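Reading the structure
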Amino acid sequence: MTAGEDIKALDQFLAFAPPLMGREEEAEILAAVRSGWLTTGPRAERFEQELAAFLGSGRGLAVSSCTAALHLGLKVLGVGPGQGVLTTPLTFASTAHAVCYLGARPYFADIDPATGNLDPGEVRRFFSEECAPGPDGRPRHGRTGDLIGTLLPVHYGGHPADLEAFWALAEEFRLDILEDAAHAIGARYRGLYLGHPDLKAARAEGSRGLCAFSFYATKNLATGEGGYLTATEPELLDKARVLSMYGISDSRRIWGRYAPRGTWVYDVAELGFKYNFTDLQAALGLHQLARLTDFNRRRAEHAAAYNEALEGLDDLVTRPEPRPGVESAWHLYPLRLKPGALSKSRDEFIEILRDHRIGSSVLFIPLHYHSYYRQALGYGEGSFPEAENFFKNLINLPLAPAHSPERIARAAEILAALLKKYRR
Ligand SMILES: *Cc1c(COP(=O)(O)O)cnc(C)c1O
């Protein structure tokens, strides 16, 4: 195909992120329904254990969403009023909402445009320029006086964040780390799955680590809604488990009480939440987990197909390029248009892709562009130039394993032809 020639659309719409469910999931849902366990029960427990075994985390806590996992994670770290959490503006609302739920305040640092992840250099700048050590030696924000004791990096698009650098910062500034791994189930850092307890700020004395995953309908492992929390310290998970089920100290009782040997006795020990994971979700999750490695492999193959089709177009686009030492879960393929290289704007180009039956998305509108966060935090346009540029030129392409390699290859070909056609 050459410029000027008519570029043929796909025969059918290529959805951005459809789930891939099979007969096993269908049969298991039916079996769950017939078993009578509609909420938390034996399948939820099995899923929780099988995922811990897969990740090598030993243990984990399945919950109703990643938002719930983030909320519980921050809560068990003791985050509350008078405190702040440093995170990235290039994320979904959940990440910062979880901080606000606890009466604490989210702070942002800019991203590294190579990966879309929080830039360790900017994190260092935040702590050394915007903060000063308080009486206990821990960082206080210069303007608000908030104690900033927690770092909340997002593994954007499934590409592991620079954990090594964050561990060093955790040691220097005495931080805990809660990872938002909503995109990154099955991603590996130095050969270990994210969520593995050895991936922690080992040298940082007293620095605690948690990792939160999402099973939302579009994520790499989908249960419709769902989330999971792992921790470097088992006590943190114990606390989170109690909080995930109303604050009932032996939460297994709440579902075990309906079993033959169950008892009606329970005690509410604190003000917890209703964040439990159900057997219906687990019915999907058990089989999605069994296929996760294949799913992620196919995502990587789709990404490679886009990269190949876009080779030689570096004057028009920036392709995602994984860093050495990591294995991305390829939740997203963040293509960036080079500013001014095309005769069409990013928004127009998205419409042109749609006209050719290629779905896409833009993840994410930086948090400080949303009216709630503009008002709550006082950040504005220009506060985080790298995140803003990343967003302005961004188009996320379909990577779902539900798509065949042939359809993705065809979409990649059409994309490359369209880029050439609209080269300025
Ligand atoms: C999807 C997503 C979440 C929230 O996950 P839920 O399971 O829907 O609560 C959190 N952070 C990021 C970066 C996400 O993309």
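Residues numbered from 1 in each chain as written. Predicted model: local features only at pLDDT ≥ 70, side-chain atom pairs only at ≥ 80, totals over all residues. Heavy atoms only, no water.

Points about helix α4 (residues 93-101)
- Every buried residue of α4 is listed here: S94, T95, A96, A98 and V99.
- The inward-facing, buried residues of α4 contact α3 (66-76), β2 (83-87), β3 (105-108), β8 (147-152), β9 (176-180) and α11 (371-377).
- Note on α4: the residue one or two positions beyond its end, G103, has a positive phi of about 75°. (Buried < 20%, exposed > 50% of the residue type's maximum accessible area, 1.4 Å probe, protein only. Helix = DSSP H or I, 4+ residues; strand = E, 2+ residues; numbered from the N terminus. Contact = heavy atoms within 4.5 Å.)

Regarding the packing of helix α1 (residues 23-35) against helix α9 (residues 279-309)
- Packing of α1 against α9 leaves a shortest axis separation of 8 Å and a crossing angle of 155°. With respect to α9, the axis of α1 lies roughly antiparallel. In this structure, α1 crosses over α9, and the sense of that crossing is right-handed. Taken together, the residues of α9 that come into contact with α1 (itself represented by E24, E25, E28, I29, A32 and V33) are D279, L280, A283, L284, H287, Q288 and R291.
- Residues that form the contact of α1 with α9 fall into these classes: six nonpolar, two polar and five charged. (Axes fitted to C-alpha atoms, helices over the stretch in contact; angles between N-to-C directions. Parallel < 35°, antiparallel > 145°, perpendicular 65-115°, else oblique. Left-handed = near helix turned anticlockwise from the far one by under 90°. Nonpolar A, V, L, I, M, F, W, Y, C, P; charged D, E, K, R; others polar.)

Describing the environment of G145
- Position of G145 among the secondary structure elements: in the loop between β7 (139-141) and β8.
- Separated by 225 residues in the primary sequence, G145 and H370 have C-alpha atoms spaced 25 Å apart.

Considerations on the sheet that holds strand β14 (residues 317-318)
- Strand order in this open sheet of three strands is β14-β16-β17, and the pairing throughout is antiparallel. Both outer strands of the open sheet, β14 and β17 (394-397), are each paired with one neighbouring strand and no more.
- With four bridges connecting them, strand β16 (residues 333-337) and β17 associate as antiparallel partners. Bridging across to β17, L335 finds its partner in I395. (Pairing = 2+ DSSP bridges.)

Considering the nonpolar core
- Core analysis: the biggest nonpolar cluster contains 61 residues, and F47, L86, V123, F127 and F215 have the highest contact counts within it.
- Counting residues per element, this core draws most heavily on helix α6 (residues 163-173), which supplies six residues.
- Of the domains in this structure, domain 1 (23-289) and domain 2 (293-421) are the two that each give at least three residues to this core. (Core = buried A, V, L, I, M, F, W, Y, C linked by side-chain atoms within 4.5 Å. Domains from an automatic or database assignment.)

A short note on the domain arrangement of the protein
- According to the domain assignment, the protein consists of domain 1 (23-289) and domain 2 (293-421).
- Counting from both sides, the interface comprises 40 residues of domain 1 and, opposite them, 35 residues of domain 2.
- Both faces considered, domain 1 and domain 2 share a buried interface measuring about 3100 Å² in area, 57% of it formed by carbon and sulfur atoms.
- On the domain 1 side of the contact with domain 2, F108, Y156 and N220 bury the most area, a combined 20% of that side's loss.
- Where domain 1 packs against domain 2, one counts two salt bridges.
- The partner of E327 in a salt bridge is R188, with the nearest N and O atoms 3.5 Å apart.
- Our enumeration of links across domain 1 and domain 2 arrives at 21 residue pairs in polar contact (both at pLDDT 80 or more).
- Within the residue set of the side of domain 1 that touches domain 2, elements represented by two or more residues are α4, β3, β4 (111-112) and β10 (188-189).
- Residue composition of the side of domain 1 that touches domain 2, by class: 21 nonpolar, 13 polar and six charged. (Buried area = accessible area lost by both parts, 1.4 Å probe. Salt bridge = Lys/Arg side-chain N within 4 Å of Asp/Glu carboxyl O. Polar contact = N/O pair within 3.5 Å; in protein donor to acceptor, adjacent residues only side chain to side chain.)

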